[in-house]
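One letter stands for each residue in the lines below.
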Amino acid sequence: GGSVISASNLHGPDDTLDPIVCTSTIDYIRQCTSYNGLIQIWDNMSLHPELAEEWSVNSNATEYTFKLRKGVTFHDGSAFSADDVLWSMNRHLGKDSPSSIKAFFAAVVEWKKIDSHTVKLTLSSPDADMPYKLTQPQAKIVKKNTHNWWGAGTGPYVLDSFQAGVRSIHSR
């Protein structure tokens, strides 16, 4: 129980709820409260599944397969699936992407849906660091076709209100 109140000197009218464009500490905090990623990194720098139940990599680190958790829902009650992963991750691709970490995904050939809860990432060159890249706040998964960020996350806190440069309020 209880409440957490945090403040940051790095906020303003450019604050965002869109994970791919976040660049400030307060945006990072907001992304981690509302959204989950495929993989999470723990304090000891070890990787653990989050929205992925497990992942595997081929022998030369050019293909990653992610088995996704079943039974996960977004804050608006809709079901999480491979389609949400593809939509979220494909937003980082292309020269016109506004993603602040699009360089992390320069070697991505494609994200492919294998079935409703399995996705495959194919790279043009080996990248053994890809699982660590997927732990970044900008790589959080949001509901497919999201443009209004309320209800778009699966994270531990639901967004109640947001005023860029002022505050956001989240409920457990």
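Everything discussed here concerns the structure shown above.
Keep in mind that what you see is a predicted model, and the values were worked out from it rather than measured.

(A) Region of interest: the pattern of salt bridges. For the coordinates displayed, the defined rule picks out 7 salt bridges. Close ionic contact of Asp-18 with Arg-91 constitutes a salt bridge, the shortest N to O distance being 2.7 Å. In this pair, Asp-18 sits in the segment before α1 (25–34) while Arg-91 sits in the loop between α2 (82–90) and β5 (108–115), placing the two residues 73 residues apart along the sequence. With a shortest N-O distance of 3.3 Å, Lys-120 and Glu-63 are connected by a salt bridge. Pair noted here: Lys-120 is in strand β6 (residues 118–123) and Glu-63 is in strand β4 (residues 63–68), with a separation of 57 residues, a long-range link. With a relative accessible area of 24%, Lys-120 lands in the partly exposed category. Look at Glu-63 and you get partly exposed, because its relative accessible area is 28%. Each of Asp-15, Asp-27 and Arg-30 takes part in a single network of salt bridges with overlapping partners.

(B) Here's a closer look at the environment of Ala-164. Of note, Ala-164 is situated in the loop between β7 (158–163) and β8 (167–171). Separated by 152 residues in the primary sequence, Ala-164 and Gly-12 have C-alpha atoms spaced 6.2 Å apart. Excluding anything up to four places from it in sequence, Ala-164 contacts Gly-12, Pro-13 and Asp-15.

(C) Spotlight on the side chain of Thr-135. Its location among the elements puts Thr-135 in the loop between α3 (130–133) and β7. Excluding anything up to four places from it in sequence, Thr-135 contacts Ile-39, Gln-40, Ile-41 and Leu-47.

(D) Broad picture of the pairing of β8. Relative to β8, β7 runs antiparallel, the two sharing 5 bridges. Across the sheet, the residue bridging to Gln-163 is Arg-167, located in β8. The turn linking β7 back onto β8 is made up of 3 residues, and Gly-165 within it adopts a positive phi angle of 80 degrees.

(E) Region of interest: the packing of aromatic side chains. All told, the structure shown has 3 aromatic pairs when counted by the stated rule. Geometrically, the ring pair formed by Phe-74 and Phe-80 is edge-to-face, given 6.3 Å between the ring centres and 70 degrees between the ring planes. The residues Phe-74 and Phe-80 share a single accessibility class, namely buried. Through successive ring pairs, a cluster of aromatic residues spans Tyr-64, Phe-66 and Trp-111.

Conventions adopted
- Residues numbered from 1 in each chain as written.
- Predicted model: local features only at pLDDT ≥ 70, side-chain atom pairs only at ≥ 80, totals over all residues.
- Heavy atoms only, no water.
- Salt bridge = Lys/Arg side-chain N within 4 Å of Asp/Glu carboxyl O.
- Helix = DSSP H or I, 4+ residues; strand = E, 2+ residues; numbered from the N terminus.
- Buried < 20%, exposed > 50% of the residue type's maximum accessible area, 1.4 Å probe, protein only.
- Contact = heavy atoms within 4.5 Å.
- Pairing = 2+ DSSP bridges.
- Phe/Tyr/Trp six-rings, centres within 6.5 Å; stacked < 30°, edge-to-face > 60°.

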